[in-house]
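# Observations on chain architecture
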Amino acid sequence: MSGGRCAACKYLRRRCPPDCIFSPYFPSNDPERFACVHRIYGASNVSKMLQQLPVELRGETADSLTFEAQCRIQDPVYGCVGLVYLLQQQIHVAESQLSKAQAEMVVFTSHAQEQEAQPRPQLQQFEPGFGFNNTSLPEGPEQVNFGHFGLFPSSLF
């Protein structure tokens, strides 16, 4: 490895050989990544796993081991299974809400179709004047006596 030791070799306090199995997947600028994996799986076990895999799968395997180790450190009992369970619960809740919304849409659609199918009563057309006989109203303000309400002096009328 050029540029010094990888995070695994630094953590294990050993010389980093040129063909180090850890160096491509645990760079020296991210020592916590290897520390988590080592704490859960152990360096020897990780080394054996990576050596048994084809080179093209090792990067994804290191990422997966890192993720699983971090989950196990955060939740020692359930690890990443707890996260999977939580996500499954959220999917279940979302599916239930979707089913409920779809059922409500069916009900609203059926009510709307029933309303369209029922005949609507015809509204009566009103003439201008709103049904009043316009000829019965006084012609001017001088013919209206507002004085009997006691609000205005009779001299105004």
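Right, let's walk through the structure included here.

Rules used throughout
- Residues numbered from 1 in each chain as written.
- Predicted model: local features only at pLDDT ≥ 70, side-chain atom pairs only at ≥ 80, totals over all residues.
- Heavy atoms only, no water.
- Salt bridge = Lys/Arg side-chain N within 4 Å of Asp/Glu carboxyl O.
- Helix = DSSP H or I, 4+ residues; strand = E, 2+ residues; numbered from the N terminus.
- Buried < 20%, exposed > 50% of the residue type's maximum accessible area, 1.4 Å probe, protein only.
- Phe/Tyr/Trp six-rings, centres within 6.5 Å; stacked < 30°, edge-to-face > 60°.

Moving on: the pattern of salt bridges. Here the structure, examined in full by the defined rule, presents 1 salt bridge. Note that Arg33 and Asp63 form a salt bridge whose closest N and O atoms lie 2.7 Å from each other. In this pair, Arg33 is assigned in helix α2 (residues 31-41) and Asp63 in helix α4 (residues 55-74), connecting sequence segments 30 residues apart. Residue Asp63 is classed as partly exposed on the basis of its relative accessible area, which comes to 43%.

This paragraph deals with the packing of aromatic side chains. Enumeration according to the criterion identifies 4 aromatic pairs in this entry. On the basis of an interplanar angle of 75° and a centroid distance of 5.4 Å, the ring pair of Phe26 and Phe34 is categorised as edge-to-face. Look at Phe26 and you get buried, because its relative accessible area is 0%. Members of the aromatic cluster, joined through ring pairs, are Tyr11, Phe22, Phe26 and Phe34.

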